[in-house]
Amino acid sequence: MNCLLLRHGIAVNPHEWDHSERERPLTKEGIAKTEQVAAGLKRIGVKPTHLLCSPLIRTQQTAEITKETLQITATIQLCPELVYDQSPMLLFPLFQKFSTDAFVMCVGHEPHLGQTAALMIFGKNSSGLSVKKAGGCLISFDGNVGVGRGNLEWWMAPAQLRALR
């Protein structure tokens, strides 16, 4: 299985938002940069077969942009396990349900995605890993998905993803 962990794009500043945190959307800049990131992913041939997304609005917007750009046929599955205050360990039972040839894209938040990547790669938490807004990493698994069984294929900041040719 391949797993692309993608953080949502630039969202409205929480101090400038007087509604629910769950409803805080992407900014115009966030939308534009996320579109460019998705175009970079398309140029390198990223083709997810499954799309999991935190139920917060900014992640749903990011998932919609990437779904359209990458022409993903799968339905976006809202996944509460991808919310920033959840344990990354909750994702592993979900991943184990996918076939070994699946390509799962997960759109989420920090620090959750960095912690998820650390568990996938190192088998334990690591405070040094962080996915920037609209940045991502690709982790592959040979055979069954499990803690510490992942192989880091790449880790890129949004500027690097936007620059892909």
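I will try to describe carefully the structure that is included in this document.

Procedures and definitions
- Residues numbered from 1 in each chain as written.
- Predicted model: local features only at pLDDT ≥ 70, side-chain atom pairs only at ≥ 80, totals over all residues.
- Heavy atoms only, no water.
- Helix = DSSP H or I, 4+ residues; strand = E, 2+ residues; numbered from the N terminus.
- Rg over C-alpha atoms; globule rule 2.2 N^0.38 Å.
- Buried < 20%, exposed > 50% of the residue type's maximum accessible area, 1.4 Å probe, protein only.
- Contact = heavy atoms within 4.5 Å.
- Areas by Shrake-Rupley, 256 points an atom, 1.4 Å probe, with all protein chains shown as cover.
- Lys, Arg positive; Asp, Glu negative; His and termini not counted.
- Charge placed at Lys NZ, Arg CZ, Asp CG, Glu CD.
- Axes fitted to C-alpha atoms, helices over the stretch in contact; angles between N-to-C directions.
- Parallel < 35°, antiparallel > 145°, perpendicular 65-115°, else oblique.
- Left-handed = near helix turned anticlockwise from the far one by under 90°.
- Core = buried A, V, L, I, M, F, W, Y, C linked by side-chain atoms within 4.5 Å.

Some thoughts on the overall build of the protein chain
Within the protein chain, the regular secondary structure consists of 5 helices and 6 strands. Along the chain direction, N to C, the helices and strands of the protein chain fall in the order β-α-β-α-β-α-β-α-β-β-α. Rg of the C-alpha trace for the protein chain: 15 Å, near the compact-globule value of 15 Å for 165 residues, within the 12% margin. Along the longest, intermediate and shortest principal axes, the C-alpha atoms of the protein chain span 45 × 35 × 30 Å. Each of the 165 residues in the protein chain was classed as buried or not, and the buried ones make up 48%. Here the contacts in the protein chain between residues at least 6 apart in sequence split such that 71% fall between residues at least 24 apart. With an accessible surface of roughly 8000 Å², the protein chain has 49% of that area assigned to carbon and sulfur atoms. Side chains of the protein chain give 17 positive and 14 negative charges; the mean places of these two sets differ by 5 Å.

Here we look at the packing of helix H1 (residues 28-43) against helix H2 (residues 57-70)
Running from N to C, H1 and H2 point in directions that differ by 40°, and their axes come no closer than 9 Å. Put simply, H1 runs oblique to H2. Judged by the sense of rotation from one axis to the other, the crossing of H1 with H2 is right-handed. Listed contacts from H2 to Ile31, Thr34, Glu35, Ala38, Ala39, Leu41 and Lys42 of H1 are Thr62, Ile65, Thr66, Thr69 and Leu70.

Description of the nonpolar core
Of all hydrophobic cores here, the largest spans 23 residues; its most connected members are Met1, Leu5 and Phe95. Elements with a minimum of two residues in this core: strand E1 (2-7), helix H3 (91-95), strand E4 (103-108), helix H4 (112-122) and strand E5 (136-141). When residues in this core are grouped by element, the largest group, 5 residues, is from H4. Filtering out sequence-adjacent residues up to four positions away, Leu5 remains in contact with Cys106, Leu113, Thr116, Ala117, Met120, Gly135, Gly136, Cys137 and Ile139. Counting 21 residues, the second-largest nonpolar core is a separate cluster that includes Leu4, Leu6, Leu70 and Leu138.

Structural measurements only, silent on function.
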